[in-house]
Amino acid sequence: MPYLKPERPEKVSAPSLRASKERGEKLVCLTAYDYPTARIVDEAGIDIILVGDSLGNVVLGYGNTVPVTLDEILIHVKAVRRGVERALLVADMPYGSFHTGADDTVRAALRLVKEGEAEAVKLEGGQKRVRLVKRLVHEEISVMGHIGLTPQSINQLGAYRVQGKTADAARRLLDDAYALEDAGVFAIVLELVPREIAQMITESVKVPTIGIGAGVHCDIQVLVFHDLLGMAFGKLPRFVREYANLRETITDAVTHWAEDVRSGTYPSDAESYGLPAEAAEELKIETKK
Ligand code: KIV
């Protein structure tokens, strides 16, 4: 497939996303958790890079996102920051970092923005987060909302299921989106929502929607990097399209290397260093010509 250069090579900012929506541009968002990935993703022209708390699942090996701490997110935001020039860098507020009051929430978000140099934070939850979103925005911190399936609620939900499947639940989602927009978020993630409801929300709010498992009508699509590249373990949700199988590629490469070591074909002379002639002569060591 040919490499398509991004339509807007200039730096992406939180306010610029609204104008992109008005122009009908389709933007893309991917997660990243380390420097090399951040460089690759940024240089590929991805518009938004999210250091998501999916870090817990795909990098740290936790069973869900609940255990992820602010310090863990911060280490990864710093690494990603060093690799990003153009994309908007967003850091997830992990579970527990915004549950003990507005001052604590601001303190946690300030660490992500000041120490991690994230340009925005993402917060899970709808109407119940309005007070916190307003406070963060008041402190000049850009906020991305996240409704539908909120993985940090797994202990209450019991399973990762499509949200907004009844008329009442769909209306609540729409109210969540309105409330977040009114509170000042610059974009809203819609996770695991029926495509019709995602379309309704997308057409009803001025800020862009960012869909994951929410159909084609969202303004922006987001996926988890490891899912897109076949580096995840376990059953993938149906919305994931794997564009590569890096697990297989990596397994092939490391097995091949191990075979070469075991058979004595790695390293070759060209992959090692010879002793200079004078030293060899003095030590009476024979060197290969
Ligand atoms: O943590 C994460 O990666 C996310 C995205 C999937 C939206 O919240």
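Just so you know, these numbers come straight off a predicted model, no measurement behind them. (Residues numbered from 1 in each chain as written. Predicted model: local features only at pLDDT ≥ 70, side-chain atom pairs only at ≥ 80, totals over all residues. Heavy atoms only, no water.)

Caption draft 1: Here's a closer look at the pairing of strand β1 (residues 27–31). The buried fraction of β1 is high, at four of five residues. Summarising the sheet, β1 and strand β8 (residues 220–223) pair through four bridges and their orientation is parallel. Bridge pairing in β8 places L27 opposite I220. Bridge analysis of β1 against strand β2 (residues 48–51) gives three bridges, and the strand direction is parallel. Paired with C29 across the strands is I48, a residue of β2. Crossover connection from β1 via helix α2 (residues 35–43) to parallel β2: handedness right-handed. (Buried < 20%, exposed > 50% of the residue type's maximum accessible area, 1.4 Å probe, protein only. Helix = DSSP H or I, 4+ residues; strand = E, 2+ residues; numbered from the N terminus. Pairing = 2+ DSSP bridges. Right-handed = clockwise from strand over helix to strand, strands pointing away.)

Caption draft 2: Molecular detail of the packing of aromatic side chains. As enumerated under the stated definition, the model contains one aromatic pair in all. Between W257 and Y266, the aromatic rings sit 6.3 Å apart at their centres with planes inclined by 65 degrees, giving edge-to-face as the arrangement. (Phe/Tyr/Trp six-rings, centres within 6.5 Å; stacked < 30°, edge-to-face > 60°.)

Caption draft 3: Region of interest: the packing of α2 against helix α4 (residues 70–83). Between α2 and α4, the shortest axis-to-axis distance is 7 Å and the interhelical angle comes to 40 degrees. Classed by the angle they form, the pair α2 and α4 counts as oblique. In the crossing of α2 with α4, the sense of the turn from one axis to the other is right-handed. Contacts between α2 and α4 involve Y35, A38, R39 and D42 from the first element and A79, V80, R82 and G83 from the second. When grouped by side-chain class, the residues that make up the contact of α2 with α4 number four nonpolar, one polar and three charged. (Axes fitted to C-alpha atoms, helices over the stretch in contact; angles between N-to-C directions. Parallel < 35°, antiparallel > 145°, perpendicular 65-115°, else oblique. Left-handed = near helix turned anticlockwise from the far one by under 90°. Contact = heavy atoms within 4.5 Å. Nonpolar A, V, L, I, M, F, W, Y, C, P; charged D, E, K, R; others polar.)

Caption draft 4: Layout of the site of the ligand. The immediate surroundings of the ligand are formed by T31, L50, G52, D53, S54, D92, K122, H146, V189, I212 and V224. At 3.2 Å, a side-chain N or O of D92 approaches an oxygen atom of the ligand. Coverage of the ligand by the protein amounts to 95% of the 260 Å² it exposes when considered alone. Grouping the constituent residues of the shell around the ligand by class yields four nonpolar, four polar and three charged. (Near = heavy atom within 4 Å. Polar contact = N/O pair within 3.5 Å; in protein donor to acceptor, adjacent residues only side chain to side chain. Areas by Shrake-Rupley, 256 points an atom, 1.4 Å probe, with all protein chains shown as cover.)

Caption draft 5: Structural context of the sheet that holds β8. Taken in spatial order, the eight strands close into a barrel running β1-β2-β3-β4-β5-β6-β7-β8, and their pairing is parallel. In this sheet, adjacent strand axes meet at a mean angle of 25 degrees when their direction is disregarded. As judged from the five bridges shared by strand β5 (residues 143–148) and strand β6 (residues 187–191), these two strands associate in the parallel manner. Counted as the bridge partner of G148 is E191 from β6.

Caption draft 6: Representation of the nonpolar core in the model. Ranked by size, the top nonpolar core spans 78 residues in total, and within it I48, L112, F186, L190 and I210 carry the most contacts. Broken down by element, the residue count for this core peaks at seven residues, all from helix α8 (residues 167–183). Residues contacting I48, with those up to four places away along its chain left out, are L17, V28, C29, L30, A87, L88, V90, M144, I210 and I220. (Core = buried A, V, L, I, M, F, W, Y, C linked by side-chain atoms within 4.5 Å.)

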